[in-house]
There are 2 protein chains.
Amino acid sequence: MYKQRGLLIVLSGPSGVGKGTVRKELFQQPDTNYEYSISMTTRSPREGEQDGVDYFFKSRSDFERLISEGKLLEYAEYVGNYYGTPLDYVNETLDAGRDVFLEIEVVGAAQVREKVPDGLFIFLAPPSLSELEDRLVGRGTEKADVIASRVLKARDELEMMNLYDYVVENDEVSKACDRINAIVTAEHCRRERVEKRYLLMLEGE
Amino acid sequence: MYKQRGLLIVLSGPSGVGKGTVRKELFQQPDTNYEYSISMTTRSPREGEQDGVDYFFKSRSDFERLISEGKLLEYAEYVGNYYGTPLDYVNETLDAGRDVFLEIEVVGAAQVREKVPDGLFIFLAPPSLSELEDRLVGRGTEKADVIASRVLKARDELEMMNLYDYVVENDEVSKACDRINAIVTAEHCRRERVEKRYLLMLEGE
C-alpha cells in the first residue's frame, strides 16, 4: 500500500509574540487534525507540569547523549537549559501519514528548515507591522524618532521572516489560529501534493 | 501611497464538475472578500437572466470587435456562442487592491495562465479520484474493465490539473467552498506577499 507522508508544520516567531498561546488555542479546538510534538527539556518541571504532557523532562547528561546520538531534530540552550525536539516521534508520525506541529524558537526553526526543507514554516508576527502601517498612513501625528525606531524594528522582523513560507499576524489569537488552519488546509490542496497522492495510487495498482 | 495589487483567483475544472454551483455558493456567503468577474457572451439571455448581473450580453459583431481590440482576458466558443472575460474590469479591480474571482472553462484558464502567471489557479476535481482510491483499496469487488476505465479517466484528470496551483475536490459544495476560502486566506499570508507589502510601506516612508 502507498502512503503519503504527513506535513511537518513549524510555528515560530520572535520571543514574546505569543507562540505558546496560539499553539494552546489550536490544540484546544476539537477538530485539530495534527499531532503536537512535545519538546524535551533539562529545566525542572514547574507546578502542575507533567512529564510527557507539557515536556519530556530529561537530565542534562541524558539530553547531551541524545544530541550526540543525533536524536534531536533541533535543539538550543536558553538560560542554562536545553530545549529540543525528539526526532523519532516526528518521523514515526509523519511516516504514518499524519501532520506534526512544532512550536519552537527561531534558532530551532532555522535548524529544521535545513533538515526538512519541504516542511511548512509559519512565522507568527507581532501586530507592530500593521500598526506601523497605520501610523505611516496617519502621518504627522507621531514624533520622527518614534517612527524611526519602529521602522528599524520592522526591518529586523522582515529579515527574520526570510526563511518562512507564511507570515501570520498575531493581532488576535483566534484570528491567528484561523489563518494557521487555513494554511494547513490549503497546503493539503496543493496540486503537487494531490497529484503525487494519485500517482502513487495509480502506480500501486 | 503604495498599493498592492489584488489576487486573480481562477476556478476551473472539467465540464459537469459543478463550478457554477460552487461559485454561486461562494458569493452567497456574507463574508466573501473578492469580486466576481461577470462573463460576456453572445448567447441570448435565458428566462430571468439580467444583463450586467448574470452576463454581459453582446452581439456577435460587438464581441468580435472586442476580441480584435484585445479587450478580453480569455474567450472561447461553445456550441456557436462566444463566452469571455472583459479585461478592463479585471485590471481596474486588481489595481484597486481587490481580489477578482473568475469561474471559467479549462480552455480559458489556460489562456489566463499565460497572461497572468502569478494568478491563483484552482482546479475543481470530481470526487471520482477519491472514489477510485476507495475502490482500489477495497480490491476485488469490481470487474477489471470497470477499474481499467476509471483508471484511464483518472489519468486524464491528472493531466488536466497540470497548470493549476491547487486541486479542490468537489465532494460536497460547502466543503469545496471552505477549501477555496482557506486557499485564498493562505495566499494572502504567503511570506513573499506580506514581505512585499511591508517593503513597499517602508520604501514609501
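Residues numbered from 1 in each chain as written. Chains lettered and ligands numbered in written order. Predicted model: local features only at pLDDT ≥ 70, side-chain atom pairs only at ≥ 80, totals over all residues. Heavy atoms only, no water.

- Where an unreviewed UniProt entry is consulted, chain A appears under the name Guanylate kinase, with the organism given as Sporosarcina luteola.
- Its UniProt record, at the heading Function (unreviewed entry), says of chain A: "Essential for recycling GMP and indirectly, cGMP."
- Quoted straight from UniProt, the Catalytic activity (unreviewed entry) entry for chain A says "GMP + ATP = GDP + ADP". (UniProt positions renumbered as here; feature names shortened; annotations may be inferred.)

Topic: the environment of Ala182(B)
Phase 1 of the analysis: The topology assignment puts Ala182(B) in helix H7 (residues 173-188).
Phase 2 of the analysis: The buried category is assigned to Ala182(B), whose relative accessible area is 7%.
Phase 3 of the analysis: Leave out the neighbours within four places in its chain, and Ala182(B) touches Ala182(A), Thr185(A) and Ala186(A). (Helix = DSSP H or I, 4+ residues; strand = E, 2+ residues; numbered from the N terminus. Buried < 20%, exposed > 50% of the residue type's maximum accessible area, 1.4 Å probe, protein only. Contact = heavy atoms within 4.5 Å.)

Examining the packing of helix H7 (residues 173-188) of chain A against H7(B)
Phase 1 of the analysis: One way to put it is that H7(A) packs onto H7(B) with a least axis distance of 8 Å and a crossing angle of 110 degrees. Our classification of the angle between H7(A) and H7(B) gives roughly perpendicular. For the crossing formed where H7(A) meets H7(B), the hand is left-handed. In this structure, H7(A) uses Arg179(A), Ala182(A), Ile183(A), Thr185(A) and Ala186(A) to contact H7(B), whose residues at the interface are Arg179(B), Ala182(B), Ile183(B), Thr185(B) and Ala186(B).
Phase 2 of the analysis: Across the contact of H7(A) with H7(B), the residue classes break down as 6 nonpolar, 2 polar and 2 charged. (Axes fitted to C-alpha atoms, helices over the stretch in contact; angles between N-to-C directions. Parallel < 35°, antiparallel > 145°, perpendicular 65-115°, else oblique. Left-handed = near helix turned anticlockwise from the far one by under 90°. Nonpolar A, V, L, I, M, F, W, Y, C, P; charged D, E, K, R; others polar.)

Quick look at the sheet that holds strand S6 (residues 81-86) of chain A
Residues and elements named next belong to chain A.
Phase 1 of the analysis: Pairing in this open sheet of 4 strands is mixed, and the strands run S4-S3-S6-S5 from one edge to the other. Where the open sheet ends on each side, the last strands, each with one partner, are strand S4 (56-57) and strand S5 (72-78).
Phase 2 of the analysis: Of the strand pairs in this sheet, S5 and S6 are connected by 6 bridges, and their pairing is antiparallel. Following the sheet pairing, Leu 72 is matched in S6 by Pro 86.
Phase 3 of the analysis: Sheet strands touched by helix H2 (residues 60-68): strand S3 (40-41), S5 and S6. Its angle to S6, the strand with the most contacts, is close to 45 degrees. (Pairing = 2+ DSSP bridges.)

As for the environment of Asn162(A)
Phase 1 of the analysis: Note that Asn162(A) resides in the loop between helix H6 (144-160) and strand S9 (166-169).
Phase 2 of the analysis: By relative accessible area, Asn162(A) is classed as partly exposed at 48%.
Phase 3 of the analysis: For the pair Asn162(A) and Phe123(A), spaced 39 residues apart in sequence, the C-alpha to C-alpha distance is 9.3 Å.
Phase 4 of the analysis: Dropping the residues within four chain positions of it, Asn162(A) is found in contact with Arg191(B) and Glu195(B).

Some thoughts on the environment of Ser59(B)
Phase 1 of the analysis: Along the chain, the position of Ser59(B) falls in the loop between strand S4 (56-57) and helix H2 (60-68).
Phase 2 of the analysis: A C-alpha to C-alpha distance of 40 Å links Ser59(B) and Leu152(B), two positions 93 residues apart in sequence.

Digging into the packing of aromatic side chains
Phase 1 of the analysis: Counting across every chain of the model gives 20 aromatic pairs over all chains.
Phase 2 of the analysis: Summarising the aromatic geometry, the rings of Tyr78(B) and Tyr83(B) are spaced 5.8 Å apart at their centres and angled 65 degrees between planes, so their arrangement reads as edge-to-face.
Phase 3 of the analysis: Their ring planes at 65 degrees and their centres at 5.1 Å tell us that Phe123(B) and Tyr164(B) sit as a pair that is edge-to-face. You can see Phe123(B) sitting in strand S8 (residues 120-125) and its partner Tyr164(B) sitting in the loop between helix H6 (144-160) and strand S9 (166-169), a full 41 residues away along the chain. Just as Phe123(B) is buried, Tyr164(B) falls in that class too.
Phase 4 of the analysis: Pairwise contacts between aromatic rings join Phe27(A), Tyr34(A), Tyr36(A) and Phe101(A) into one cluster. (Phe/Tyr/Trp six-rings, centres within 6.5 Å; stacked < 30°, edge-to-face > 60°.)

Examining the relation of the copies chain B and chain A
Phase 1 of the analysis: In the superposition of chain B on chain A (RMSD 0.0 Å, axial shift 0.0 Å), the rotation amounts to 180 degrees. The relationship between the two copies is best expressed as a two-fold rotation axis. If distances are taken from each C-alpha of chain B to the rotation axis, the shortest is found for Ala182(B), at 2.2 Å.
Phase 2 of the analysis: When the interface residues of chain B are mapped onto chain A, 100% of them again fall at the interface, so both copies present the same face. (Least-squares fit on C-alpha atoms with pLDDT ≥ 70 in both.)

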